[in-house]
Amino acid sequence: MSNLFSQLDGIGAKALEQIEGASDLATLELVRVSVLGKKGALSEVLKGLGSASAEDRPKIGAAANDWKRKIEEALEKKKGGLEDQALETRLASERIDISLPSRGLHKGALHPITQTTRRIIQTLGRLGFDIATGPEVETEFLNFEAVNIPKDHPARDMQDTFFMGPGVVLRTHTSAIQMRAMRNQKWPVRILCPGAVYRCDSDATHSPMFHQIEGLWVDKKVSMSDLVGVLEFFAKEMFGSSTKIRLRPSFFPFVEPGAEVDVSWGKDRWLEVLGAGMVHPRLFEMAGYPAGEAQGFAFGMGIERIAMLLHGIDDLRLMYQGDVRFLKQF
Ligand code: DAH
């Protein structure tokens, strides 16, 4: 019988030792099962109770319960400690660094071509220009004949044309919109015609598709000095108040006289930015205006070129590649 007591003491002491030494919750559970489980050490000892004397049995039972309680308490305490420890480790490893800058929102932005188009329209809009548009697939007649470029005229070679079919082209310039506007609008005609144009041409400075904006001002009395005034205003608003302009005589079939227009750039440079001139009488004739009654001027420019000058962009192709590293700078 003293045998059972000492067995109990041995199991209890060993269990307490193992509990104390357990380094994690899984080990602790193994200890619990091996001592208190159905087939655990304690149950095994109590199986020998039958051979003990009637007098000793309750004492052994009480001693066993005593150990059970002690072991349970020790398990509970250790478990609490190990759980706290596990939580500490987790908190330490999952710590959030609240000083890290946040990622920020990705905001979309307008393409530099759209931005520049809008800026040109807003600027000239203050002088009373409205917007007029036309189709990109245009008749050969409106793209050429109607702006005084007859068939077989050498000026057609200046604009390598995409033909869509007999008599149908992709418009090579926004000047193609002029005749539509002159035929459909009441005087004064004061319009800006923005849009995509197409030419069979492709390298670092030429794209088969690019954008132009055309200006047209027709009224009873419109002079070359009105044209110069409008262009001067435009240049100063776009490129800075100290900007000057200079006109060099040039040939465009739809104007007479015609000029290429430069803007001053820095101290001693001039950059060509547009073509302009007084509307050729032939265009008024084709628009069906009574001879000698209308006067007007027109000008046309490449929008990419203006955008490149404004932002110091040196390669036209960047405009069409859709690279966000480029686009997000605007
Ligand atoms: N259409 C011309 C081009 O594409 C640009 C131009 C020049 C337009 C002179 C005009 C102008 O209205 O007067 O190169």
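Residues numbered from 1 in each chain as written. Predicted model: local features only at pLDDT ≥ 70, side-chain atom pairs only at ≥ 80, totals over all residues. Heavy atoms only, no water.

## Observations concerning the overall build of the protein chain
Thinking step 1. Each helix and strand counted, the protein chain has 11 helices and 10 strands in total.
Thinking step 2. In terms of principal-axis extent, the alpha carbons of the protein chain reach across some 140 × 50 × 35 Å.
Thinking step 3. When each of the 330 residues of the protein chain is scored for burial, the buried share is 40%.
Thinking step 4. In the protein chain, the proportion of contacts linking residues at least 24 apart, taken out of those at least 6 apart, comes to 66%.
Thinking step 5. About 19000 Å² of surface is accessible on the protein chain, with carbon and sulfur atoms providing 54% of the total.
Thinking step 6. In the protein chain, 41 side chains carry a positive charge and 43 a negative one; their mean positions are 3 Å apart. (Helix = DSSP H or I, 4+ residues; strand = E, 2+ residues; numbered from the N terminus. Buried < 20%, exposed > 50% of the residue type's maximum accessible area, 1.4 Å probe, protein only. Contact = heavy atoms within 4.5 Å. Areas by Shrake-Rupley, 256 points an atom, 1.4 Å probe, with all protein chains shown as cover. Lys, Arg positive; Asp, Glu negative; His and termini not counted. Charge placed at Lys NZ, Arg CZ, Asp CG, Glu CD.)

## Details of the packing of aromatic side chains
Thinking step 1. Counted by the stated rule, this structure contains 9 aromatic pairs.
Thinking step 2. With a centroid separation of 5.1 Å and 65° between ring planes, the pair formed by Phe326 and Phe330 is classed as edge-to-face.
Thinking step 3. Among the residues examined, Phe330 registers a relative accessible area of 21% and is labelled partly exposed.
Thinking step 4. Of the aromatic side chains, those joined through ring pairs into one cluster are Phe129, Trp217, Phe297 and Phe299.
Thinking step 5. One residue, Lys70, lies across the ring of Trp67, its end atom 4.6 Å from the ring centre.
Thinking step 6. Its end group placed over the ring of Trp217, Arg190 keeps NZ or CZ at 4.5 Å from the ring centre. (Phe/Tyr/Trp six-rings, centres within 6.5 Å; stacked < 30°, edge-to-face > 60°. Lys NZ or Arg CZ within 6 Å of the ring centre and 35° of its normal.)

## Re the packing of helix 5 (residues 112–125) against helix 8 (residues 224–239)
Thinking step 1. Taken N-terminus to C-terminus, the directions of helix 5 and helix 8 make an angle of 130°; their axes are 10 Å apart at the nearest point. With respect to helix 8, the element helix 5 is oriented oblique. Note on packing geometry: the crossing formed by helix 5 with helix 8 is right-handed. Residues Arg119, Ile120, Thr123 and Leu124 of helix 5 form the contact with helix 8, whose own contacting residues are Val230, Phe233, Phe234, Glu237 and Met238.
Thinking step 2. Grouping the amino acids of the contact of helix 5 with helix 8 by side-chain chemistry returns 6 nonpolar, 1 polar and 2 charged. (Axes fitted to C-alpha atoms, helices over the stretch in contact; angles between N-to-C directions. Parallel < 35°, antiparallel > 145°, perpendicular 65-115°, else oblique. Left-handed = near helix turned anticlockwise from the far one by under 90°. Nonpolar A, V, L, I, M, F, W, Y, C, P; charged D, E, K, R; others polar.)

## Some thoughts on a negative patch on the surface
Thinking step 1. The grouping of Glu72, Glu76, Glu83, Asp84 and Glu88 at the surface amounts to a negative patch.
Thinking step 2. By the element assignment, Asp84 lies in helix 4 (residues 56–93). (Patch = residues over 30% accessible without salt bridge, like charges linked within 9 Å, V, L, I, M, F, W, Y side chains within 5 Å. Salt bridge = Lys/Arg side-chain N within 4 Å of Asp/Glu carboxyl O.)

## Examining the domain arrangement of the protein chain
Thinking step 1. The assigned domain composition of the protein chain is domain 1 (2–93) and domain 2 (112–327).
Thinking step 2. Taking only C-alpha atoms into account, the centre of domain 1 sits 95 Å from that of domain 2. (Domains from an automatic or database assignment.)

## Regarding the packing of helix 5 against helix 10 (residues 303–311)
Thinking step 1. Running from N to C, helix 5 and helix 10 point in directions that differ by 100°, and their axes come no closer than 9 Å. In this view, helix 5 runs roughly perpendicular relative to helix 10, as classed from their interaxial angle. Side by side, helix 5 and helix 10 meet where Pro112, Ile113, Thr116, Thr117, Arg119 and Ile120 of the first sit next to Ile303, Glu304, Ile306, Ala307 and Leu310 of the second.
Thinking step 2. By residue class, the composition of the contact of helix 5 with helix 10 is 7 nonpolar, 2 polar and 2 charged.

## Some points on the pairing of strand 9 (residues 269–279)
Both faces of the sheet carry side chains from a regular strand, because those side chains alternate between them.
Thinking step 1. Most of strand 9 is tucked away: 8 of the 11 residues are buried.
Thinking step 2. As paired elements, strand 8 (residues 255–265) and strand 9 share 9 bridges and run antiparallel to each other. Among the inter-strand pairings, Asp262 is bridged to a residue of strand 9, identified as Glu272.
Thinking step 3. For strand 9 and strand 10 (residues 295–302), the ladder comprises 5 bridges, and the chain directions are antiparallel. Bridge pairing links Ala276 to Phe299 in strand 10. (Pairing = 2+ DSSP bridges.)

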